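Analysis of the macromolecular model
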Amino acid sequence: MATMDDIAKRLGISKGTVSKALSGATDVSESMRRQVLETAVELGYSRPVRQGGRRLCIFIENMAYQAPEDFGWDIIMGFRKMAEPAGAGVDIVPLTPQIQKQIPYDQYMLSGGYSGALFLGMTLSDPWMREFRSCKTPAVLYDNHVRANPYTAYLGIDNEEGMELAVTRLRELGHRKIGYLSGALGSFIHQVRYRSFFRSLRQCGLSDDPGLAGNSYYSSECLERHLPRLLKQGVTAIICSHDLLAHAVLIHCMEIGIRVPEQLSIIGFDDIPLCSYTAPPLASIRQNRPQLGRSAYYALASLMDGIPISTLLLHAELVERASIGPAPDAPLSETGLPAGLA
C-alpha cells in the first residue's frame, strides 16, 4: 500500500502539500491537486471517500487486470483517475456466477452502499445480464449492450469501424480473399465483430462467403481445423477476433513454414502490449484502454445524474506492424500448402 510519503517523493513535493491536495485544501492549485490524485492512483494509494461522495464499484471477470501489462489494468486506472479526483471511492470486485446467483444486482449495490458500477468481461450467459434489462442502479457495460433501460449504457470502441479499417487496408495491399478466425460467439462483442467482418467485405466489394470464417472456444480447433480450411480456399490474409488468437496463428504459421507476411498477412484485435514484441510484430485494431476507463466514468456519472446515455463508442485505430504486407502473387492453395495442411 502506497503512502503519502511515496507520492511526495514521486512528485518532489512535501508530504504536507500531498495531504492538503488529498483533503481538498483551497491553498493548493487545482492542477497540483489533480497531479497528486493521479499519482496516488498510479502508486496504489487509497484514500477515504469524501463526506457525501459516491461509492462506485468495478466488477470484473474473464479479464486480467492486476498488472500493468494486463488488458484491464489501463481501463481501471483511467476510471479511477476520473472518479477519485471527483471525490468518489472505487472498489474492485472480482465477479463470479456464484455471486450473481446469490443476490440480485440491485440488492448487492444497495447493501454495499454503491451508487453505480462498471462491468468488465461479462458474457451473455451471466445471470445479472438478464437483470440489466430492468435494473434501477446505474451500470456501464463494457462490450455489452442492453436496450431500453435508461439505467444502463454500452461502452466500447466502434468495432464496425475497426473491422472496416482492417479489411480496407488489406484490400489496398492487394488481398482479395480474406479469412476470419474468432473465439466462440457466446459474447456480444464477438458477435459484433463477426457480423462486422462480413459487412466490411461487402463494402469493399470482396467475397463474403460464410465459409471464409471459423470460430471456436478453443484456439487449438481454430489452428487445426479452421486455419487449414481457409488456406485451402486461397485466403492470403486472416483477421482474428482478438490478439491472443492472432498470436497463436502467427506462431503456428512459423512452426509449419508459412512466412508472415510474405505468404500470409495477419491482423489481431485489441492491440495488447504483446503485439509489439511478437516476431514479426503483430498488426492490430487498437482499443485506447485509458480513454475507455475515463469514458466509463463519464458515462456512469451521467447515468447517476439522470442523463440516459445509451452508447458511448470511441473511434478505432489500425496499428500497422510487420505482420501485414502486400498480397503474394499466388495464394498458398496454388503454390503448395505446407506438409500437414495439404
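Nothing here was measured: the structure is a model prediction, and the numbers come from that model. (Residues numbered from 1 in each chain as written. Predicted model: local features only at pLDDT ≥ 70, side-chain atom pairs only at ≥ 80, totals over all residues. Heavy atoms only, no water.)

**Things to note about helix α6 (residues 105-112)**
Short version of the rule: When a residue's accessible area, from a 1.4 Å probe over protein chains only, is under 20% of the maximum for its type it is buried; when over 50% it is exposed; and in between it is partly exposed. Helix and strand definitions follow DSSP, with helices as H or I runs of at least four residues and strands as E runs of at least two, each counted in order from the N terminus. Note: the arc covers the axis-to-C-beta directions of the helix. Contact definition: two residues touch when any of their heavy atoms are within 4.5 Å.
All of the buried residues along α6 are Tyr105, Tyr108, Met109 and Gly112. End-on, the buried residues of α6 take up no more than an arc of 95 degrees, which puts them together on one face. Across from the buried face of α6, at angles greater than 90 degrees, the exposed residues are Leu110 and Ser111. Contacts made by the buried residues of α6 are with β1 (55-60), β2 (89-94), α5 (97-102), β3 (116-120), α7 (127-131) and β4 (139-142). One or two steps after α6, the chain reaches Gly113, where phi turns positive at roughly 70 degrees.

**Regarding the pattern of salt bridges**
Operational definition: Salt bridges are defined by distance alone: a side-chain nitrogen of Lys or Arg within 4 Å of a carboxyl oxygen of Asp or Glu.
Counting across every chain of the model gives 15 salt bridges. Among the salt bridges present, the one from Glu160 reaches Arg199, with a minimum N-O distance of 3.3 Å. Of the two residues, Glu160 is situated in helix α8 (residues 159-172) and Arg199 in helix α9 (residues 188-203); the sequence distance between them amounts to 39 residues. Assessed through its relative accessible area of 39%, Glu160 is described here as partly exposed. Overall, Arg199 belongs to the partly exposed group, its relative accessible area being 30%. Here the residues in one salt-bridge network are Asp271, Arg286, Glu317 and Arg321, joined through shared partners.

**Side note on helix α10 (residues 219-232)**
In an α-helix, one full turn covers 3.6 residues, which means residues spaced three or four apart are oriented alike. What counts is decided by this rule: By this rule the span expected of a helix is its residue count minus one, scaled by 1.5 Å. Here the bend at each residue means the angle between axes fitted to two seven-residue stretches, the one ending at that residue and the one beginning there.
Taking 1.5 Å per residue as the helical rise, α10 with its 14 residues ought to reach 20 Å, and the 19 Å between its terminal C-alpha atoms agrees with that figure. Along its length, α10 reaches its greatest deviation from straightness, about 35 degrees, at His226, and the proline Pro228 lies no more than four positions downstream. Among all positions of α10, only Cys222, Leu223, His226, Leu227, Pro228, Leu230 and Leu231 are buried. Residues of α10 that are buried in the fold lie against β6 (178-182), β7 (213-215), β8 (237-240), α11 (243-256) and α13 (332-335).

**As for the sheet that holds strand β10 (residues 283-286)**
Across a sheet, strands are paired by hydrogen bonds formed along the backbone, either parallel or antiparallel in direction. Under the convention used in this document: Any two strands are treated as partners once DSSP identifies two or more bridges connecting them. Lines fitted to the C-alpha atoms define the axes, with helices restricted to the stretch that makes contact. Angles between their N-to-C directions range from 0 to 180 degrees.
Spatially, β7-β6-β8-β9-β10-β12 is the arrangement adopted by the six strands of the open sheet, whose pairing is mixed. Each having just a single partner strand, β7 and β12 (317-319) make up the two edges of the open sheet. Shown here is a sheet whose adjacent strand axes are inclined to one another by a mean of 20 degrees, direction ignored. Pairing of β8 with strand β9 (residues 265-270) involves three bridges; the strand directions are parallel. Across the sheet, the residue bridging to Ile239 is Ile267, located in β9.

**Here's the deal with the nonpolar core**
In globular proteins that are soluble, nonpolar side chains generally tend to be buried together. Rule in force here: Residues belong to one nonpolar core when they are buried, are Ala, Val, Leu, Ile, Met, Phe, Trp, Tyr or Cys, and are joined through side-chain atoms within 4.5 Å.
Ranked by size, the top nonpolar core spans 78 residues in total, and within it Phe79 and Ile239 carry the most contacts. The dominant element in this core, judged by the number of residues it contributes, is helix α12 (residues 289-304), at eight residues. The residues contacting Phe79, other than those within four sequence positions of it, are Leu56, Ile58, Val90, Leu118, Gly293, Arg294, Ala296, Tyr297 and Leu300. Membership of the second largest hydrophobic core comes to 19 residues, among which are Leu95, Trp128, Met129 and Leu141.

**Remarks on the packing of aromatic side chains**
Put simply, the rule is: Note on ring pairs: Phe, Tyr and Trp rings are taken, using the six-membered ring of Trp, and paired if centres are within 6.5 Å. Classes follow the plane angle, with under 30 degrees stacked, over 60 edge-to-face and the rest tilted.
Counted under the stated rule, the structure contains 17 aromatic pairs. Ring geometry for Tyr194 against Phe198: centres 5.3 Å apart, planes inclined by 65 degrees, an arrangement best described as edge-to-face. Of the two residues, Tyr194 and Phe198 are both situated in helix α9; the distance of four residues between them amounts to about one turn of the helix. One aromatic cluster is present, built from ring pairs that chain together Phe59, Tyr105, Tyr108, Phe119, Trp128 and Phe132.

**Structural notes on the environment of Ser134**
Note on placement: Ser134 falls in the loop between α7 and β4. On the basis of relative accessible area, Ser134 is assigned to the exposed category, the value being 52%. With 13 residues separating them in the primary sequence, Ser134 and Arg147 have C-alpha atoms 9.9 Å apart.

**Some words on the sheet that holds β1**
Taken in spatial order, the six strands line up as β2-β1-β3-β4-β5-β11 in an open sheet, and their pairing is parallel. The open sheet is flanked by β2 and β11 (311-314), the only strands paired with a single partner. Mean inter-strand twist for the sheet, computed between neighbouring axes without regard to direction, equals 20 degrees.

Read these as geometric descriptors, not functional statements.
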